[in-house]
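For reference, the chains in residue letters:
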Amino acid sequence: MSTEQLRRAADLLANQVGHWTPARWAGRGESMHLLVQRVADQAADASGTPRRTVPRLPDPALADQLRVVVGELISLTPAPEILAQTTAEIAALRRDLDA
């Protein structure tokens, strides 16, 4: 996996949910926030800094929040296995939210 594939996966998910109404988000925001937290944790681990709790933003802001934490992770040049794992997690959530 490459950083470009990770960025693309994040963009696809963010574009998928970025226009959702509150009704469409109902019951789905928590899984997106958990993904954002996992990516932020991976970035903290890669940088050697302590993990921090990511604030739970309103559902419509989660797409942007995902883009930010993915950008942070990419800037740290993570190991290929982290890129692959994160890309797979984003793709899996995208499929789940599409169902």
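Structure: above.
Computed from a predicted structure; not experimentally measured.

1. Describing the overall build of the protein chain
- Along its length, the protein chain carries 5 helices and 0 strands.
- Mapped from its N terminus to its C terminus, the protein chain presents α and β elements in the order α-α-α-α-α.
- The C-alpha atoms of the protein chain give a radius of gyration of 13 Å, which matches the 13 Å a tight globule of 99 residues would have.
- If you line up the protein chain on its principal axes, its C-alpha atoms span 40 × 25 × 15 Å.
- Here the protein chain holds 99 residues, and 38% of them are scored as buried.

2. Focus on the pattern of salt bridges
- One pass over the full model with this rule turns up 7 salt bridges.
- One salt bridge in this structure joins D45 and R51, with 2.5 Å as the shortest N-O distance.
- Of the residues examined, D45 reaches a relative accessible area of 44% and is grouped as partly exposed.
- Among the charged side chains, a network of salt bridges with common partners joins D11, D64 and R67.

3. Some points on the packing of helix 3 (residues 29-47) against helix 4 (residues 62-75)
- In contact at an axis separation of 8 Å, helix 3 and helix 4 are set at 15 degrees when each is read in the N-to-C sense. Of the possible angle classes, the one that applies to helix 3 and helix 4 is roughly parallel. Of the two possible hands of crossing, helix 3 and helix 4 adopt the one that is left-handed. Of the residues in helix 4, those touching helix 3 at G29, M32, H33, L35, V36, V39, A40, Q42 and A43 are L62, A63, Q65, L66, V69, V70 and L73.
- Each residue belonging to the contact of helix 3 with helix 4 can be placed in one class, and the counts come to 12 nonpolar, 4 polar and no charged.

Rules used in this analysis
- Residues numbered from 1 in each chain as written.
- Predicted model: local features only at pLDDT ≥ 70, side-chain atom pairs only at ≥ 80, totals over all residues.
- Heavy atoms only, no water.
- Helix = DSSP H or I, 4+ residues; strand = E, 2+ residues; numbered from the N terminus.
- Rg over C-alpha atoms; globule rule 2.2 N^0.38 Å.
- Buried < 20%, exposed > 50% of the residue type's maximum accessible area, 1.4 Å probe, protein only.
- Salt bridge = Lys/Arg side-chain N within 4 Å of Asp/Glu carboxyl O.
- Axes fitted to C-alpha atoms, helices over the stretch in contact; angles between N-to-C directions.
- Parallel < 35°, antiparallel > 145°, perpendicular 65-115°, else oblique.
- Left-handed = near helix turned anticlockwise from the far one by under 90°.
- Contact = heavy atoms within 4.5 Å.
- Nonpolar A, V, L, I, M, F, W, Y, C, P; charged D, E, K, R; others polar.

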